[in-house]
Amino acid sequence: MIVVVEEISKDPPWPPAPNSRRTWPLKSWLRFDSHNPDHGRPSRLAAHPSVPFVKDLRVDEIKDERRIQAVAFRYLSDLNALLKREHRRGLDLPKGWLEALHPDKETPPNELGWLPIWPSLPSEDDAKDQTRAPNPTLASWNLSRNPGHALPAPVVLVAAETYTQDQPRLSHGLGLRVPMQIERTRAGFRVIIRSFTAELPRVGEVALTDYVQQLNPKQRQVFREEIQNYLDFVANSDVAQLTTATSAQIDPSSYLVEEFRFAGGKTGDGRPRFQFKAVGKARRSARLPRSESVHVTSSYTFEVSRDGQIIGIELGLEEAQTETESLITHAAPGAADVFNRPPPDWFDAGDPTAAYDYAMRRPTREDPVLERYRDEEFIGTPVPPDGRVALEAPGFRVRLCPDIVQADRDQPGDVKTVPLPGGPAPSPRRDDLSAINAFSNSRQFFDMLSAFGIDPSLFAVRAQTDVQIFYRSGIRPGGGGDGRTVNAQVTFDCKSSNSLPDINMRLALAELSRWDRDLTLPRDQRWAEPLSIGTSGRWMLHEFGHYMLAARIGQLEFKFAHSAGDAMAAVYFDPISRLADPRGDASPNFRGYTYPFVFATRRHDRNPLMGWAWYGALNRSALEADHGACDHNKAYLTEQILSTTIFQIYLALGGDTMIGPAPDRYTRGRASHMTLFLLTKAIESFAAPPSEAEALELAMEDAGLSMSTPLLIEGGPDAWQPGLTHKVVRWGFEAQGMFPDDPATVLNGPGQAPPVDLYVRNQRPLKVQTTAGPLAYGPGAYVPVSLDWGENARWLMDPDAAIVLGNRGSDPAPSITVRAWIGVVSGTPGDPGWDLGKNITWKAALPDRRIRQIDAETVRKVNHLNKVVNELKRSRDSAVLLIEISNPDDRANTDPAAALPAMVADGAAGLSDLPTIPRQLTDLVACDNNLGLMLIR
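Remember, predicted model here, so these are calculated numbers, not experimental data.

> With reference to specific residues and values, describe the overall build of the protein chain.
Looking only at helices and strands, the protein chain has 19 helices and 38 strands in total. In the protein chain, buried positions account for 61% of the 937 residues. Accessible surface, the protein chain as shown: approximately 35600 Å² in total, 49% of it carbon and sulfur.

> Pulling in residues and values, what's your account of the packing of helix 11 (residues 565-573) against helix 15 (residues 665-684)?
The contact between helix 11 and helix 15 brings their axes to 9 Å, and the two run at 160°. Classified by the angle between their axes, helix 11 and helix 15 sit roughly antiparallel to one another. Helix-helix and strand crossings are classified by hand; for helix 11 and helix 15 the assignment is left-handed. From helix 11, A567, M568, V571 and Y572 reach across to helix 15, where they touch S672, T675, L676, L679 and T680. A breakdown of the residues in the contact of helix 11 with helix 15 according to their chemical character gives six nonpolar, three polar and no charged.

> Can you break down the packing of aromatic side chains residue by residue, with the values?
Tallied over the full model, the rule gives 32 aromatic pairs. Here F452 and F677 contribute two aromatic rings whose centre-to-centre distance is 5.6 Å and whose plane-to-plane angle is 80°, an arrangement assigned as edge-to-face. Placement of the pair is F452 in the loop between helix 8 (431-451) and helix 9 (456-459) and F677 in helix 15, with a sequence separation of 225 residues. By the burial criterion, F452 is buried, and F677 matches it. With a centroid separation of 6.1 Å and an interplanar angle of 90°, the aromatic rings of F544 and Y547 are classed as edge-to-face. Separated by three residues within a single helix, F544 and Y547 lie in helix 10 (residues 537-553), roughly one turn from each other.

> Which residues make up the sheet that holds strand 33 (residues 804-807), and what values go with them?
Two strands in a sheet stick together by hydrogen bonds in their backbones, pointing the same way (parallel) or opposite ways (antiparallel). Taken in spatial order, the three strands make up an open sheet running 30-33-36, and their pairing is antiparallel. Either end of the sheet is taken by a strand with one partner, and the two such strands are strand 30 (758-760) and strand 36 (859-861). With strand direction ignored, the average angle separating the axes of adjacent strands in the sheet is 20°.

> Go over the sheet that holds strand 35 (residues 840-854) with me, naming the residues and quoting the values.
Pairing is antiparallel across the open sheet formed by four strands, whose spatial order is 35-34-37-38. At either end of the open sheet lies a strand with only one pairing partner, and these are strand 35 and strand 38 (931-936). In this sheet, adjacent strand axes meet at a mean angle of 15° when their direction is disregarded. Sheet analysis places strand 34 (residues 813-825) next to strand 35, joined by eleven bridges and oriented antiparallel. Bridging from a neighbouring strand, A820 pairs with L846 of strand 35. Relative to strand 38, helix 19 (residues 918-926) is tilted by about 140°, and along the sheet it contacts strand 35, strand 37 (879-886) and strand 38.

> Tell me about the environment of S285, and please be specific about residues and values.
Residue placement: S285 occurs in the loop between strand 12 (272-283) and strand 13 (293-304). Residues S285 and P252 lie 33 residues apart in sequence; the distance between their C-alpha atoms is 8.3 Å.

Thresholds, definitions, all that
Starting from 1, residues in each chain are numbered consecutively following that chain's sequence as written. This being a predicted model, a pLDDT of at least 70 is required before a residue's local features are given, and a value of 80 or more before pairs of side-chain atoms are given or counted; all residues contribute to the totals for chains, interfaces and linings. Heavy atoms from the whole structure form the basis of all side-chain values; hydrogens and water molecules are not counted. The secondary structure listing takes helices from DSSP runs of H or I that are at least 4 residues long and strands from runs of E that are at least 2 residues long, numbered from the N terminus. Buried means the residue's accessible area, taken with a 1.4 Å probe over protein chains only, is under 20% of the maximum for its type, while exposed means over 50%, and partly exposed covers the values in between. Every accessible area reported is derived by Shrake-Rupley at a probe size of 1.4 Å, with residue values counting cover from the shown protein chains alone. Simply put, an axis is a line fit to the C-alpha atoms, just over the touching stretch for a helix, and the angle between two N-to-C directions goes from 0 to 180 degrees. Under this scheme an angle from 65 to 115 degrees is roughly perpendicular, one under 35 degrees roughly parallel, and one over 145 degrees roughly antiparallel; angles in between are oblique. Helix crossings are classified by the rotation of the near helix relative to the far one: an anticlockwise turn of less than a right angle makes the crossing left-handed, while a clockwise turn makes it right-handed. Note on contacts: a residue pair is in contact if any heavy atoms of the two residues lie within 4.5 Å. All residues other than Ala, Val, Leu, Ile, Met, Phe, Trp, Tyr, Cys, Pro, Asp, Glu, Lys and Arg, Gly among them, are scored as polar; the first ten of these are nonpolar and the last four charged. Put simply, two rings from Phe, Tyr or Trp (the six-membered ring, in Trp's case) pair if the centres are within 6.5 Å, and we call them stacked under 30 degrees between planes, edge-to-face over 60, tilted for the rest. At least two bridges found by DSSP between two strands is the condition for calling them paired.

Set out below in structure tokens:
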């Protein structure tokens with residue numbers, strides 16, 4: 001087996017020159033973060049998007065996962081050696097972790113190891129359906145969007161500790177992940193790696209691999225055998241489960257042990273001491289007032305004898321200490337009229353400039369008013385003979401709610417059915433419409449996942465596949481148990497120790513002031529049917545943010561933010577919202593309301609100068625809390641920081657684009673599509689729950705970098721190309737205060753630019769005026785502007801100004817290459833649909849030039865290109881001049897050394913690599929400040 005690593009070690013060393021030079025400023029191209037070791041959430045993160053680790057494999061090697069694991073191990077080894085040379089600590093992982101990942105090491109079952117790729121990479125002749133196998137709760141994820149999960153594919157190689165051999169119990173809370181892209185080449189396959197993350201044991205805990213290192217070889221063998229027996233007993237024994245159930249007041253038949261955590265130490269006389277915690281989910285005892293599901297943590301403490309045997313010293317298995325924590329988070333031929341968007345978002349397609357009357361779009365308005373804001377939508381096909389359509393689809397089921405809805409008490413089964421077609425559509429304040437709208441909004445969400453290549457049957461690994469939608473429900477704990485509250489929640493429902501829990505979404509009301517009754521019915525049958533919160537697609541997307549975390553990582557919330565639901569709601573609905581149209585008296589302030597229909601005060605346009613920053617005043621309580629207390633400190637503050645960050649990324653990708661005075665809904669929609677793709681694919685890629693927001697930022701970068709195929713835009717003629725968005729993602733988090741100069745100090749404002757960040761100056765504003773003062777970004781930033789081709793397109797270079805190159809970073813940028821290309825423009829830029837045709841023909845590649853160095857925050861003029869501009873102006877044809885500036889610390893996406901799909905070959909050969917469709921050229925340039933584009937009319 002040694003031959004595996006020997007063969008790989010013959011490949012060219014990484015990093016290549018000049019990045020491998022000892023004198024090179026390493027931090028300029030390699031980002032390495034070691035986060036919050038004193039706050040109970042230690043993690044590691046490394047990223048180098050423009051200096052990829054690349055290894056080639058033969059055709060026969062891709063069939064053996066050990067070969068891929070060997071590539072990841074070599075990458076980690078090289079990265080560790082590089083960091084040791086830089087700061088002498090290397091990756092600083094728990095002792096024994098790196099050694100345990102050696103692909104040829106016979107790893108014991110209770111130490112760290114690579115997890116199998118799932119779904120497995122199919123071979124050329126492998127057509128079997130892998131989706132029928134039970135989903136693993138943790139694996140190395142194959143995130144291919146291709147049929148059969150085939151290559152090319154993003155693969156996230158995951159390593160975790162395995163505690164028992166026959167039925168592996170994996171710690172979902174610690175481990176490491178190596179995202180990679182695997183693609184075909186003429187000679188075989190290529191593996192490309194640009195980052196790595198690790199979640200380490202919390203303060204007070206220890207990796208089992210690390211603990212075993214302190215034992216001698218004889219003790220290790222005995223200890224491993226003993227610990228397997230103990231863990232298996234705790235996880236599967238009726239005695240242990242009944243003891244835990246009695247202590248924690250849970251139903252023993254529902255108790256599911258999901259993972260184990262460990263702590264080590266020594267007794268007073270120096271003997272090894274050991275503690276493990278069994279962590280799982282269960283339903284509370286039926287004797288309690290509310291049989292909700294809870295996290296259950298049982299702690300067991302032992303000493304280890306001199307020969308490795310485990311001896312109880314403080315607690316026996318029958319005397320375990322237990323703690324519980326509530327698993328609740330708050331907050332077709334058959335057609336019907338539904339709220340396809342919440343009424344405040346609705347606009348009249350026939351008259352989009354009509355005066356905006358927000359008061360008439362409030363949830364307290366009478367039914368005839370709310371009727372105006374509904375659209376017909378096909379609900380079910382085919383319609384059964386009885387005319388009732390079951391409200392269920394892949395990924396979800398709308399459930400009967402007999403506790404609150406009187407009409408549901410006589411329906412059979414547990415899925416809500418509604419009478420369609422025929423008869424008048426239910427009025428807004430009717431339970432049938434509440435159910436229909438909950439179905440419609442749920443289907444929109446799962447249709448979006450499908451467009452991203454996410455199959456709910458594969459996505460849900462920590463819970464049952466179908467989320468249960470209770471369209472009229474009480475909210476507990478609190479005073480909303482009767483359903484008379486403006487709220488919704490997602491909960492786990494643990495039913496059996498032999499199966500994963502259900503995810504329940506409970507929907508209450510959108511407002512409380514009107515409780516209409518059908519006065520045509522006898523008095524004893526008049527049942528209140530108020531407006532459901534299921535009519536608000538924005539609010540339901542918030543709840544689906546919790547569903548995604550629960551289904552993928554087994555937690556209802558991020559540790560650093562409530563969820564990504566606010567961000568999904570804001571970005572999904574903005575392109576189709578009347579609130580984003582400045583005409584007709586729609587106040588610009590309305591656009592920042594995340595939930596304009598239910599009067600929630602949350603916004604997605606928060607100002608970092610006012611403390612809404614990742615390292616700002618309003619996030620310090622969560623940032624500085626230990627791991628256990630973080631949930632109680634973040635509230636909804638960090639969710640608004642996150643939603644503002646994601647919304648800023650959406651705006652920079654095209655979400656502010658206009659056609660004259662009107663919003664360009666198509667371009668905004670494709671920007672929304674890409675932003676939501678990056679966010680959802682990032683969540684899909686997680687293994688251990690991320691403890692820091694930086695992990696989400698990097699995962700969103702990786703989602704764009706590892707795109708294996710273009711992302712099609714529904715209803716549009718074009719697509720997003722792979723590998724373009726990572727710099728905009730990084731800037732979006734930077735603009736909201738991530739990447740501080742000193743994490744220990746409060747930063748109410750933007751963070752730091754990358755150490756080297758080259759740019760070609762365009763016409764974007766250098767600062768933005770806010771109510772708290774000017775928000776300064778400086779040149780080279782991705783400040784959102786309209787990405788149109790009109791006369792005042794600010795993302796373009798100014799044809800009447802000198803061409804200027806600069807460096808936003810704090811380090812000098814040496815060894816710069818400047819390339820440029822000239823294209824001829826046909827048609828009239830800015831005309832409707834012009835940007836979606838093949839209207840650019842590339843004619844010439846200018847000779848490369850070299851710039852020795854651009855120091856930090858300085859600029860250089862390039863006179864030879866200014867002369868080219870003057871010559872183009874004398875021509876009668878419209879033309880474009882594309883400029884690329886690149887160096888080993890900050891490579892352009894078009895630089896071949898970055899190994900991205902947007903690469904452009906040197907010289908005339910590169911002309912065929914450049915986009916001929918203006919919209920694709922916009923994506924290329926607007927997403928990379930290393931590129932500048934000048935339109936000469």
